[in-house]
Amino acid sequence: MSLSLSADQPDVPADADDGVWLECIECGETFAPFDDVRYTCDECDGLLEARYEELPTFEDFEGEAPGVWRYSAALPFDEGVSIQEGNTPLYEVPRLEDDLGVEALRIKHEGMNPTGSFKDRGMTVGVKVAKELGVGRLACASTGNTSAALAAYGSRGGMETLVLLPAGKVAAGKIAQASLHGARILEVDGNFDACLDIVQELAADGEAYLLNSLNPFRLEGQKTIGLEILEGFLADYDAVPDRIVLPVGNAGNTSALYKAFRELVQAGALAEDDVPKLTGVQAEGAAPMVEAIENGADEVRRWEDVETRATAIRIGNPVNAPKALPGIRETGGTAVSVTDEEITDAQRDLAGEGIGVEPASAASVAGLRKLRREGVVGDDERVACLTTGHLLKDPDAAAAAGADPEPVPADTDAVLAHLQDAE
Ligand SMILES: Cc1ncc(COP(=O)(O)O)c(C=O)c1O
Ligand SMILES: [Zn+2]
């Protein structure tokens with residue numbers, strides 16, 4: 001099976017371009033990477049993955065500037081359309097680490113990327129591929145963050161962008177970003193999954209180049225999250241983390257991290273037994289991946305009605321499930337759902353360590369707390385939690401989770417009296 005940790009490095013097909021090609025994860029068909037626009041397999045409609053003739057080890061990550069392009073040895077190009085993405089902090093959180101009772105806990109805060117989410121890592125590669133292919137308009141369906149990143153990277157690359165958003169379900173900061181960066185914004189009377197159905201059809205009709213995570217090149221950029229986490233842990237603990245806990249929507253990151261680790265195993269840079277357990281967290285109201293893991297199912301059932309305060313992961317049809325399910329299973333990980341209340345509590349916990357995240361991001365910490373409570377995660381584990389987006393993405397959720405401002409008169413004595421009253 002091509003997605004197994006112990007898969008052999010494949011032979012280089014004739015349609016490879018400079019040692020890079022696309023391969024169907026279902027039937028193994030190969031395709032030239034940059035000749036035609038293609039998102040899925042021509043033969044069986046399976047998901048595609050980028051493959052490389054040469055797979056790097058840690059020593060090959062030696063680019064001068066930190067960030068995504070330091071890992072160009074693991075990417076299809078040496079440089080992309082860049083706004084200095086990646087190289088995000090791997091914060092220590094001593095109080096939360098104590099409270100959760102694990103050997104070590106670090107927070108990989110992807111909210112510290114240029115547009116405030118991990119999507120930038122995928123877009124720096126994806127928009128570069130779009131330029132290589134010579135396509136015109138770029139498009140995506142989005143719960144918000146993809147649209148912000150596409151708008152920013154599209155404008156950086158001098159390209160037109162179109163985004164489809166579920167009406168009334170996208171956080172204010174994200175719409176503001178897409179708008180100011182010049183995307184044409186269509187508000188669809190339907191949920192994210194309906195938006196993705198439409199944009200896939202537009203892409204199939206040649207109306208636009210699709211930059212959702214169905215696009216295999218987006219995931220290449222997102223692999224660097226995993227590479228940075230491993231390097232950070234190796235530097236600080238002399239060992240890779242036992243587990244990485246991450247929020248799951250379309251399961252792009254789950255797939256991308258798994259691919260990063262598979263490639264390191266194939267290159268002989270990481271032992272199969274050391275691969276971190278990929279642990280996905282979804283909101284209770286949008287948890288089709290959790291359902292599939294719990295039921296041992298090979299396929300994910302599409303949830304038509306999804307709801308959660310964590311709008312970024314309000315997704316019922318995770319398109320990358322065929323890549324992500326083997327990732328969770330082969331690494332010995334799991335998937336768990338959390339309530340909106342647990343998500344907000346975790347958002348407060350992180351804020352209490354000075355780390356501001358949007359609700360979907362806090363799902364990782366909420367999931368870790370639940371798995372500790374259930375004894376699934378041991379007290380001897382070193383864990384990385386991924387926080388995917390910045391607090392300012394969703395100012396309304398942050399304000400609702402935090403304290404209300406207290407009105408006072410413009411008078412020092414009145415302010416003092418107010419402070420004393422409150423004590
Ligand atoms: C903040 C945030 N977290 C998590 C996700 C889900 O990521 P993935 O689709 O890779 O599972 C998204 C995107 O949809 C997001 O914007
Ligand atoms: Zn196929």
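Residues numbered from 1 in each chain as written. Chains lettered and ligands numbered in written order. Predicted model: local features only at pLDDT ≥ 70, side-chain atom pairs only at ≥ 80, totals over all residues. Heavy atoms only, no water.

1. A few points about the coordination of the zinc ion (ligand 2)
- Cys24 (SG), Cys27 (SG), Cys41 (SG) and Cys44 (SG) make up the full set of protein donors to the zinc ion (ligand 2), lying at 2.3 to 2.4 Å.
- Around the zinc ion (ligand 2), the 4 donor atoms are arranged such that angles at the metal cover 98 to 119°; this shape is classified as tetrahedral.
- Donor residues binding the zinc ion (ligand 2) come from one chain and are separated in sequence as C-x2-C-x13-C-x2-C.
- On the accessibility criterion, cysteine 27 (42% relative accessible area) is partly exposed. (Donors = N, O, S within 2.8 Å, 3.2 Å for Na, K, Ca; no water. Tetrahedral: all angles 85-135°; square planar, octahedral: opposite > 155°, others 65-115°. Buried < 20%, exposed > 50% of the residue type's maximum accessible area, 1.4 Å probe, protein only.)

2. Quick look at the site of ligand 1
- In the vicinity of ligand 1 lie 15 residues, with Lys119, Asn145, Gly249, Asn253 and Thr388 positioned nearest.
- Interatomic distance of 3.1 Å between a side-chain N/O atom of lysine 119 and an oxygen atom of ligand 1.
- The contact in question runs from an oxygen atom of ligand 1 to an N or O atom on the backbone of alanine 312, over 3.2 Å.
- The fraction of the free accessible surface of ligand 1 (390 Å²) that becomes covered by protein chains is 98%.
- Under a 2 Å grid-point criterion requiring more than half of the atoms, the pocket assigned to ligand 1 is the largest cavity.
- When the residues that make up the shell around ligand 1 are grouped by side-chain class, the tally is 6 nonpolar, 7 polar and 2 charged.
- Composition of the shell around ligand 1 by domain shows at least three residues from each of domain 1 (90-115 + 216-401) and domain 2 (119-210). (Near = heavy atom within 4 Å. Polar contact = N/O pair within 3.5 Å; in protein donor to acceptor, adjacent residues only side chain to side chain. Areas by Shrake-Rupley, 256 points an atom, 1.4 Å probe, with all protein chains shown as cover. 1 Å grid on protein atoms, 1.4 Å probe; cavity = no way out; pocket = protein on both sides within 12 Å on 5 of 7 lines; lining within 4 Å. Sits in = over half its atoms within 2 Å of the grid points. Nonpolar A, V, L, I, M, F, W, Y, C, P; charged D, E, K, R; others polar. Domains from an automatic or database assignment.)

3. So, the nonpolar core
- The biggest cluster of nonpolar side chains holds 83 residues, and the ones touching the most others in it are Val129, Leu138, Tyr209, Phe217, Phe261 and Leu270.
- Composition of this core by domain shows at least three residues from each of domain 1 (90-115 + 216-401) and domain 2 (119-210).
- The contacts of tyrosine 209, once residues within four sequence positions are left out, are Val37, Tyr39, Gly126, Val129, Ala130, Leu133, Val135, Arg137, Leu138, Ala139, Asn215 and Phe217. (Core = buried A, V, L, I, M, F, W, Y, C linked by side-chain atoms within 4.5 Å. Contact = heavy atoms within 4.5 Å.)

4. Here's the deal with helix α2 (residues 119-133)
- An ideal rise of 1.5 Å per residue puts 21 Å on 15 residues; α2 measures up with 21 Å between its terminal C-alpha atoms.
- For α2, the buried fraction is high: 13 of the 15 residues fall into the buried class.
- Looking at the residues trailing α2, positive phi occurs at glycine 134, about 70°. (Helix = DSSP H or I, 4+ residues; strand = E, 2+ residues; numbered from the N terminus. Expected span 1.5 Å × (residues − 1).)

5. Things to note about the packing of helix α8 (residues 288-295) against helix α9 (residues 321-330)
- Contact pair α8 / α9: the axes reach a minimum separation of 11 Å and the direction vectors enclose 50°. The pairing of α8 with α9 is recorded here as oblique in orientation. Along this stretch, α8 crosses α9, giving a crossing that reads as right-handed. Every residue of α9 that contacts α8 at Met289, Ala292 and Ile293 is listed here: Ala321, Ala324, Leu325, Ile328 and Arg329.
- Residue composition of the contact of α8 with α9, grouped by class: 7 nonpolar, no polar and 1 charged. (Axes fitted to C-alpha atoms, helices over the stretch in contact; angles between N-to-C directions. Parallel < 35°, antiparallel > 145°, perpendicular 65-115°, else oblique. Left-handed = near helix turned anticlockwise from the far one by under 90°.)

6. Notes on the sheet that holds strand β10 (residues 243-247)
- Strand order across the open sheet formed by 6 strands is β4-β5-β13-β10-β11-β12, with mixed pairing between neighbours. Edge strands, defined here as strands with exactly one partner in the open sheet, are β4 (90-92) and β12 (334-338). With strand direction ignored, the average angle separating the axes of adjacent strands in the sheet is 25°.
- In the sheet, β4 pairs with strand β5 (residues 104-109) via 3 bridges, with the strands oriented antiparallel. Across the sheet, the residue bridging to tyrosine 91 is isoleucine 107, located in β5. (Pairing = 2+ DSSP bridges.)

7. Some details on the domain arrangement of the chain
- One can read the domain layout of the chain as domain 1 (90-115 + 216-401) and domain 2 (119-210).
- Between domain 1 and domain 2, the C-alpha centre-to-centre distance is 24 Å.
- Taken together, the contacts link 31 residues of domain 1 with 27 residues of domain 2.
- A combined buried area of about 2,300 Å² lies between domain 1 and domain 2, and 48% of that area is made up of carbon and sulfur atoms.
- In this assembly, domain 1 and domain 2 are joined by 5 salt bridges. (Buried area = accessible area lost by both parts, 1.4 Å probe. Salt bridge = Lys/Arg side-chain N within 4 Å of Asp/Glu carboxyl O.)

8. Details of the sheet that holds strand β9 (residues 209-210)
- Reading across from one edge, β8-β7-β6-β9 is the order of the 4 strands in this open sheet, with parallel pairing throughout. The open sheet has two edge strands with one neighbour each: β8 (184-188) and β9.
- Bridge count between strand β6 (residues 138-141) and β9: 2 bridges; the pairing is parallel. Each residue of the ladder has a partner; that of alanine 139, found in β9, is leucine 210.

9. Some details on the pattern of salt bridges
- All chains considered together, the criterion is met by 30 salt bridges.
- Glutamate 353 is paired through a salt bridge with arginine 95; the nearest N and O atoms lie 3.3 Å apart. In this pair, glutamate 353 sits in the loop between α10 (340-351) and α11 (359-373) while arginine 95 sits in helix α1 (residues 94-100), placing the two residues 258 residues apart along the sequence.
- One network of salt bridges, in which partners are shared, links Glu23, Glu49, Arg51 and Arg262.

10. Digging into empty space enclosed by the protein
- Within this structure, the stated rule accounts for 4 cavities of 30 Å³ or more.
- Looking at the largest cavity, its volume works out to about 310 Å³.
- Taken together, 26 residues make up the lining of the largest cavity; nearest its centre are Phe118, Lys119, Gly249, Asn250 and Ala312.
- Across the lining of the largest cavity, the residue classes tally to 10 nonpolar, 13 polar and 3 charged.
- If you count residues domain by domain, the lining of the largest cavity takes at least three from each of domain 1 (90-115 + 216-401) and domain 2 (119-210).
- Considering only enclosed or pocket space, the second largest cavity measures out at about 50 Å³ in volume.
- Every residue along the wall of the second largest cavity is listed here: Leu55, Pro56, Phe61, Ala74, Lys223, Leu227, Ala260, Glu263 and Leu264.
- At the level of secondary structure, the elements contributing two or more residues to the lining of the second largest cavity comprise α6 (216-237) and α7 (252-266).
- A per-element tally of the lining of the second largest cavity places α7 first, with 3 residues.
- Within the lining of the second largest cavity, the residues separate by chemical class into 7 nonpolar, no polar and 2 charged. (Points joined across faces, edges and corners; volume = space filled by probe spheres on them.)

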